[in-house]
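Notes for the structure review
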Amino acid sequence: MLKPRAGRYLLAASLTLAISLAGCVSPVAKLHQQARDLDLVALDLDGGKFTLRGFRNRPAQATERLHVYLEGDGRPWERGLIPAAEPTTRDSVILPLMAGDPAPSLYLGRPCYNGHTEDPGCGSELWTGGRYGESVVASMAQALLNFAEQNGYRELVLIGHSGGGTLALLLAERLPQTLAVITLAGNYDIDRWTDYHGYQRLQNSLNPAIRPAGRVPEWHLLGERDTTIPPALFESALRARPHAHVIRVDADHNRGWQAIWPEMLRRLPSAR
């Protein structure tokens, strides 16, 4: 029988080990567990040069419209200095929004994310300076076109959080099926954003702010308490875009979006 003090030491050691093991769970495993907890199904998508890991929901009924959810940048850097070995997000903002969406929905991953970091052609440039580059956008566009064609989707609504908003605008240029674009704390002008924070510019990335404006309705949601993408940083420029609606909401960069998302979804049927 353990003495009381020995028992306390054993309990403390067990707790320390449990915490240590919990900390060792990889970002990829955490993301997949989050998706399973939300009853989402993992799948690999053919993006040409790259294989993209995505998730889809289980819609109550099939339609010709697909909602496409695009995650933020995850963790491109460690301590802001060293390219991360694994860029996959540590806690998805977009998966819970997708799980609450009754429409057919696809989480479209990026090249080299979500378990594909070691794939041929992958390197840290694709999640650092080139995270919105031509090869990334082209692969995502191809994967989405393939998925839509295989499953009979003729209309796309592109929904992106943070850097996913950047990609939503870039993808909309290439996808004539796009019905609407929604950004949540979207990084609209990557040069202005890097300059504002004192970061190195993303030299190998495409910048939506200097590309032709789209012809589809856009909703740009800005969090009042967001310090990563402060509303004042892009609000005027976004309001100047044709077909754009800019809405300030009670959110910071990562929190508060679930509360406003059902109302945003109710607006979509009129987006024709």
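Definitions and limits used
- Residues numbered from 1 in each chain as written.
- Predicted model: local features only at pLDDT ≥ 70, side-chain atom pairs only at ≥ 80, totals over all residues.
- Heavy atoms only, no water.
- Core = buried A, V, L, I, M, F, W, Y, C linked by side-chain atoms within 4.5 Å.
- Buried < 20%, exposed > 50% of the residue type's maximum accessible area, 1.4 Å probe, protein only.
- Helix = DSSP H or I, 4+ residues; strand = E, 2+ residues; numbered from the N terminus.
- Contact = heavy atoms within 4.5 Å.
- Pairing = 2+ DSSP bridges.
- Axes fitted to C-alpha atoms, helices over the stretch in contact; angles between N-to-C directions.
- Phe/Tyr/Trp six-rings, centres within 6.5 Å; stacked < 30°, edge-to-face > 60°.
- Lys NZ or Arg CZ within 6 Å of the ring centre and 35° of its normal.
- Expected span 1.5 Å × (residues − 1).

Before going further, it helps to examine the nonpolar core. The biggest cluster of nonpolar side chains holds 46 residues, and the ones touching the most others in it are Leu108, Leu144, Leu158 and Leu171. Of all the secondary structure elements, the ones that give two or more residues to this core are β1 (41-47), β2 (50-56), β3 (65-70), α4 (134-151), β7 (155-161), α5 (163-174), α6 (190-197) and α7 (231-239). The biggest single contributor to this core is α4, with eight residues. The residues touching Leu158, leaving out its near neighbours within four places in the chain, are Val68, Leu144, Ala168, Leu171, Ala172, Leu175, Thr178, Ala180, Val181 and Ile182. In this structure, Leu40, Ile94, Ala180 and Ala185 belong to the second largest nonpolar core, which totals 27 residues.

What follows deals with the sheet that holds β7. The mixed open sheet is built from eight strands, whose spatial order is β1-β2-β6-β3-β7-β8-β9-β10. Every interior strand has two partners, whereas the edge strands, β1 and β10 (244-249), have only one. Here the strands of the sheet are splayed against their neighbours by 25° on average, with no regard to which way each runs. In terms of strand pairing, strand β9 (residues 218-223) meets β10 through six bridges, oriented parallel.

This next bit is on the packing of aromatic side chains. Counted according to the given criterion, the structure contains five aromatic pairs. Seen from their ring centres, Phe147 and Tyr153 are 6.1 Å apart, and the 20° between their planes marks the pair as stacked. Aromatic pair Tyr188 and Phe234: ring centres 6.2 Å apart, planes at 80°, arrangement edge-to-face. In this pair, Tyr188 sits in the loop between β8 (178-184) and α6 while Phe234 sits in helix α7, placing the two residues 46 residues apart along the sequence. Assessed through its relative accessible area of 1%, Phe234 is described here as buried. Above the ring of Tyr113, the side-chain terminus of Arg110 is found at 5.4 Å from the ring centroid.

On to α5. Here α5 spans 18 Å end to end across twelve residues, near enough to the 16 Å set by a 1.5 Å rise per residue. By the criterion of burial, α5 is predominantly enclosed, with ten of the twelve residues buried. The set of residues buried in α5 consists of Gly163, Gly164, Gly165, Thr166, Leu167, Ala168, Leu169, Leu170, Leu171 and Ala172. Looking at the buried residues of α5, the elements they touch are β3, α4, β7, β8, α6 and β9.

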